[in-house]
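Next come the chains, spelled out residue by residue.
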Amino acid sequence: MTSPTDSPGPVPRRDTEPEDGPLAEGMAALANMGWQILLTMGLATIALGVIALVWPGATLRVIGILFGVYLLATGVFQLAAAFGTHVPRHLRVLHFITGAASILLGLICFRGTLESILLLALWIGFSWLLRGTTETAAAASAPAMPGRGWHVAFGIVGALAGVVMIVMPFASIATLTLVVGVMAIIVGLTEVVRAIRTRVEIGHLASGTATQRRPLFHVRPHPQH
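Before going into details, it helps to say that this report is about the structure given with it. (Residues numbered from 1 in each chain as written. Predicted model: local features only at pLDDT ≥ 70, side-chain atom pairs only at ≥ 80, totals over all residues. Heavy atoms only, no water.)

1. Notes on helix α2 (residues 56-82)
Alright, step 1. Across its 27 residues, α2 extends 38 Å between first and last C-alpha, which sits within 8% of the 39 Å expected from 1.5 Å per residue.
Alright, step 2. Considered for burial, the residues of α2 that qualify are T59, L60, G64, F67, G68, L71, G75 and A82. (Helix = DSSP H or I, 4+ residues; strand = E, 2+ residues; numbered from the N terminus. Expected span 1.5 Å × (residues − 1). Buried < 20%, exposed > 50% of the residue type's maximum accessible area, 1.4 Å probe, protein only.)

Below you can see the structure in the form of structure tokens.
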């Protein structure tokens, strides 16, 4: 005899593996797109570094034009902010002066390569000098600052680099272009290596998933009679 509780109905299968769905396919496509984008960016960065090293003069001209465009765009936004209704009156004058000065410097950049390179070098030099001086003063006035010595050292180095950039703008900007070219090649090679490693890891995961086999026999509980 069979008891009422021992019903020979369908028993759910055990040891079943989840099948690949749209989520797994989407993750795989996203991973493939990621390493391809990383590889493309790495190759483009290497190409830019090579161009900066082989043709430094042309690179400086392009950088000068881009710097002029940046100054013009900044000046337009500053002038727009000067005529905004939400800006206080004392800030409107500041926005107007800085905007007009940025537009004027941007137009000077388009007059020739030497002017744009000179303005770019002075811009970078004064930025480094101001940042280095501020960091050194902040670290010197805060005895409890973590890594105070490093902040003081970096501030002094930054300020000295700014002074060198201001005193020798053309030589400094040419050296900076070469340094940027070398750094771009190094960064590009790093990105290419990362992309290749990511592709290899994706291939290993895909092959491991494909070689998984399902069990030939599924253990099912035998219905009691």
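What follows continues from the structure just given.
2. Observations regarding the nonpolar core
Alright, step 1. L60, F67, L71, C109, I117, L119, L120, A121, I124, M165 and I173 form the largest nonpolar core, which has eleven residues in total.
Alright, step 2. For this core, the elements supplying multiple residues, two or more each, are α2 and α4 (113-140).
Alright, step 3. Filtering out sequence-adjacent residues up to four positions away, F67 remains in contact with C109, S116, L119, L120 and W123. (Core = buried A, V, L, I, M, F, W, Y, C linked by side-chain atoms within 4.5 Å. Contact = heavy atoms within 4.5 Å.)

3. A closer look at a nonpolar patch on the surface
Alright, step 1. Together, L48, V50, I51, L53, V54, W55, L178, V179, V182, M183 and I186 line one region of the surface with nonpolar side chains, adding up to about 970 Å² of accessible area.
Alright, step 2. Among the elements of the structure, α1 (22-54) and α6 (169-210) are those that each provide at least two residues to the nonpolar patch.
Alright, step 3. Along the chain, the position of L53 falls in helix α1.
Alright, step 4. For L53, a relative accessible area of 34% gives the class partly exposed. (Patch = residues over 30% accessible without salt bridge, like charges linked within 9 Å, V, L, I, M, F, W, Y side chains within 5 Å. Areas by Shrake-Rupley, 256 points an atom, 1.4 Å probe, with all protein chains shown as cover. Salt bridge = Lys/Arg side-chain N within 4 Å of Asp/Glu carboxyl O.)

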